[in-house]
Amino acid sequence: MMNEVKKTAEYRIYQKKSGRYAVQAKGKQWLHGEDKEKILLDEQLITRPRPKAPPAPEAAEETAAAE
């Protein structure tokens, strides 16, 4: 069973038992992919994962010098 989290004129947001979200558009169509992600980001229900920073150039030089 899903709990309704938010209801607007354009869509409804549900939370599943697993903690994930489902978004249903006004015409009873379920949204997927980028459309769903944009709505959940706008509502601040999810955050976009930060990209991992490349290793610092000094660290790479130190490991090369140690070998």
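As a reminder, the structure under discussion sits directly above these lines.
Residues numbered from 1 in each chain as written. Predicted model: local features only at pLDDT ≥ 70, side-chain atom pairs only at ≥ 80, totals over all residues. Heavy atoms only, no water.

1. Here's the deal with the pairing of strand β3 (residues 21-25)
Along a regular strand, successive side chains alternate from one face of the sheet to the other.
Working step 1: Of all five residues in β3, four are buried; the element is thus mostly enclosed.
Working step 2: Strand direction decides the pairing type here: strand β2 (residues 11-15) and β3, joined by five bridges, are antiparallel. Bridging across to β3, Arg12 finds its partner in Gln24.
Working step 3: With antiparallel pairing between neighbouring strands as the criterion, β2 and β3 make up a hairpin whose turn holds five residues, including Gly19 at a positive phi of roughly 95 degrees.
Working step 4: By the bridge criterion, two bridges tie β3 to strand β4 (residues 30-31) in an arrangement that is antiparallel. Looking across to β4, one finds that Val23 is bridged to Leu31.
Working step 5: From the end of β3 to the start of β4, which pair antiparallel, there are four residues, and Lys28 there has a positive phi angle of about 65 degrees. (Buried < 20%, exposed > 50% of the residue type's maximum accessible area, 1.4 Å probe, protein only. Helix = DSSP H or I, 4+ residues; strand = E, 2+ residues; numbered from the N terminus. Pairing = 2+ DSSP bridges.)

2. Details of the pattern of salt bridges
Working step 1: Taken as a whole and judged by the stated rule, the model has four salt bridges.
Working step 2: Here Glu37 ties to Arg48 by a salt bridge, and the two come within 3.5 Å at their closest N and O atoms. Of this pair, Glu37 sits in helix α1 (residues 33-42) while Arg48 sits in the loop between α1 and α2 (57-66), and the two are eleven residues apart along the sequence. (Salt bridge = Lys/Arg side-chain N within 4 Å of Asp/Glu carboxyl O.)

3. Here's the deal with the nonpolar core
Working step 1: Tyr11, Ile13, Tyr21, Val23, Leu31, Ile39 and Leu40 together form the largest nonpolar core, which totals seven residues.
Working step 2: Listing elements by their share of this core, those giving two or more residues are β2, β3 and α1. (Core = buried A, V, L, I, M, F, W, Y, C linked by side-chain atoms within 4.5 Å.)

4. Quick notes on the packing of aromatic side chains
Working step 1: Inspection of every chain in the model, using the stated rule, returns one aromatic pair.
Working step 2: Judged by centre distance (5.9 Å) and plane angle (55 degrees), the ring pair of Tyr14 and Trp30 falls under tilted. Within this pair, whereas Tyr14 is found in strand β2, its partner Trp30 is found in strand β4, the two being separated by 16 residues in sequence.
Working step 3: For Tyr14, a relative accessible area of 12% puts it in the buried group. (Phe/Tyr/Trp six-rings, centres within 6.5 Å; stacked < 30°, edge-to-face > 60°.)

Function-wise, these values are silent; they only describe arrangement.
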